[in-house]
Amino acid sequence: MGYRGKVADQVRARELRAAGWTMPDIAAELGVARSSVSLWTRGVAFTPGRRRGRRRGPNALQLRKQAEVEELLAQGREWIGELSEREFLVAGAALYAGEGSKRDGMVVFANSDPRMMAFFATWLRTFFEIDESRLRMKVYLHVGLDLDAAVEFWSAVTDVPKEQFRAPYRAVPDPTIRLTKHVNGCAYLVYCCSRTHRAIMGLSAALLSSVPIPG
């Protein structure tokens with residue numbers, strides 16, 4: 001549905017590089033070519049020596065956990081299967097009901113997960129007549145991370161040209177709140193159209209009212 005294959009690997013590669021992993025280690029971890037890692041991690045700050053020695057192999061508990069994760073991922077793919085058009089419509093409405101802006105007149109969907117952003121951008125274009133020139137993107141990114149790389153990344157994920165990105169918000173890291181930072185930040189997709197937003201809210205309302213609230 002428009003999602004571009006190795007986006008998750010790109011995100012993971014940049015996270016590992018920022019954590020001090022070497023390119024050969026990242027390539028081995030992800031099972032990809034070193035040239036791909038070099039491209040994906042361009043601009044990520046790297047501090048040599050932060051990761052020392054060989055990684056210890058997983059213990060029995062970790063192996064059982066990984067096996068269960070893989071089993072349930074396969075089960076999930078089997079349960080979901082290929083979405084019909086109606087199922088895709090309902091899934092997008094549910095996604096927006098949980099993650100989208102409810103402010104009237106403006107469609108706003110924000111997330112740090114590229115899979116969600118790609119899903120929603122594809123859904124929006126599939127079910128609504130969108131004026132591509134009016135689509136806007138904004139990136140929320142911590143100071144010290146590569147803004148150009150983040151804009152390029154989210155532009156590829158959403159198919160919104162870089163020229164349509166608004167000024168970013170650069171957050172100052174606060175170590176008392178969290179240590180982990182998404183290397184590509186959080187992306188906001190914005191479409192100013194009252195009719196489109198109201199149509200989406202209508203879908204969300206219909207979905208949420210389809211199951212009565214107990215009591």
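Residues numbered from 1 in each chain as written. Predicted model: local features only at pLDDT ≥ 70, side-chain atom pairs only at ≥ 80, totals over all residues. Heavy atoms only, no water.

### Quick look at the overall build of the protein chain
Stage number 1. Along its length, the protein chain carries eight helices and four strands.
Stage number 2. Ordered by position from N to C terminus, the α and β elements of the protein chain give α-α-α-α-α-β-α-β-α-β-β-α.
Stage number 3. The burial tally for the protein chain puts 33% of its 215 residues in the buried class.
Stage number 4. Put simply, 78% of the contacts in the protein chain that link residues at least 6 apart link residues at least 24 apart.
Stage number 5. Per element, the accessible surface of the protein chain, about 13600 Å² overall, is 54% carbon and sulfur. (Helix = DSSP H or I, 4+ residues; strand = E, 2+ residues; numbered from the N terminus. Buried < 20%, exposed > 50% of the residue type's maximum accessible area, 1.4 Å probe, protein only. Contact = heavy atoms within 4.5 Å. Areas by Shrake-Rupley, 256 points an atom, 1.4 Å probe, with all protein chains shown as cover.)

### A short note on the packing of aromatic side chains
Ring pairs (aromatic) are described by centroid distance and by the angle formed between their planes.
Stage number 1. With the rule as written, the count across this model stands at nine aromatic pairs.
Stage number 2. Residues Trp123 and Phe127 carry aromatic rings whose centres are separated by 6.0 Å and whose planes lie at 55 degrees to one another, so their mutual orientation is tilted. In this pair, Trp123 and Phe127 are both assigned in helix H6 (residues 114-127), four residues apart and thus about one turn of the helix distant.
Stage number 3. Residue Phe127 is classed as partly exposed on the basis of its relative accessible area, which comes to 21%.
Stage number 4. With a centroid separation of 5.0 Å and 80 degrees between ring planes, the pair formed by Phe153 and Trp154 is classed as edge-to-face. Both residues of the pair, Phe153 and Trp154, belong to the buried class.
Stage number 5. Three or more aromatic residues joined by ring pairs form one cluster here, namely Phe88, Tyr96, Phe109, Phe119, Phe120, Trp123, Phe127 and Phe128. (Phe/Tyr/Trp six-rings, centres within 6.5 Å; stacked < 30°, edge-to-face > 60°.)

### A few points about the nonpolar core
Stage number 1. Within the largest apolar cluster, 31 residues are counted, with the highest numbers of intra-cluster contacts made by Met117, Phe120, Leu124, Met137, Trp154 and Leu189.
Stage number 2. Those elements that place two or more of their residues in this core are helix H1 (7-18), helix H5 (85-99), strand S1 (107-111), H6, strand S2 (135-142), helix H7 (147-158) and strand S4 (186-191).
Stage number 3. With residues up to four places along the chain from it excluded, the contact list for Trp154 reads Asn111, Ser112, Asp113, Pro114, Met117, Met137, Val139, Phe165, Asn184, Gly185 and Ala187.
Stage number 4. One finds Leu16, Ala27, Val37 and Trp40 within the second-largest nonpolar core, a separate group that totals ten residues. (Core = buried A, V, L, I, M, F, W, Y, C linked by side-chain atoms within 4.5 Å.)

### Details of the pattern of salt bridges
Stage number 1. Scanning all chains against the criterion turns up five salt bridges.
Stage number 2. For Glu152, the salt bridge is made with Arg42, and the minimal N-O distance between the two is 3.3 Å. In this pair, Glu152 is assigned in helix H7 and Arg42 in the loop between helix H3 (34-40) and helix H4 (60-80), connecting sequence segments 110 residues apart.
Stage number 3. The class for Glu152 is partly exposed, based on a relative accessible area of 39%. (Salt bridge = Lys/Arg side-chain N within 4 Å of Asp/Glu carboxyl O.)

### Considering the side chain of Thr41
Stage number 1. When you line up the elements, Thr41 lands in the loop between H3 and H4.
Stage number 2. A distance of 2.7 Å separates a polar side-chain atom of Thr41 from the backbone oxygen of Val37.
Stage number 3. Those residues within four positions of Thr41 in sequence are excluded, and the remaining contacts are Ala13, Arg14, Arg17 and Met23. (Polar contact = N/O pair within 3.5 Å; in protein donor to acceptor, adjacent residues only side chain to side chain.)

### A word on the pairing of S2
Side-chain direction in a regular strand flips from residue to residue, so the side chains alternate between the two faces of the sheet.
Stage number 1. Strand direction decides the pairing type here: S2 and S4, joined by six bridges, are antiparallel. The residue of S4 that forms the bridge with Met137 is Leu189.
Stage number 2. Across three bridges, S2 lies against strand S3 (residues 169-171) in parallel orientation. Bridging across to S3, Tyr140 finds its partner in Tyr169. (Pairing = 2+ DSSP bridges.)

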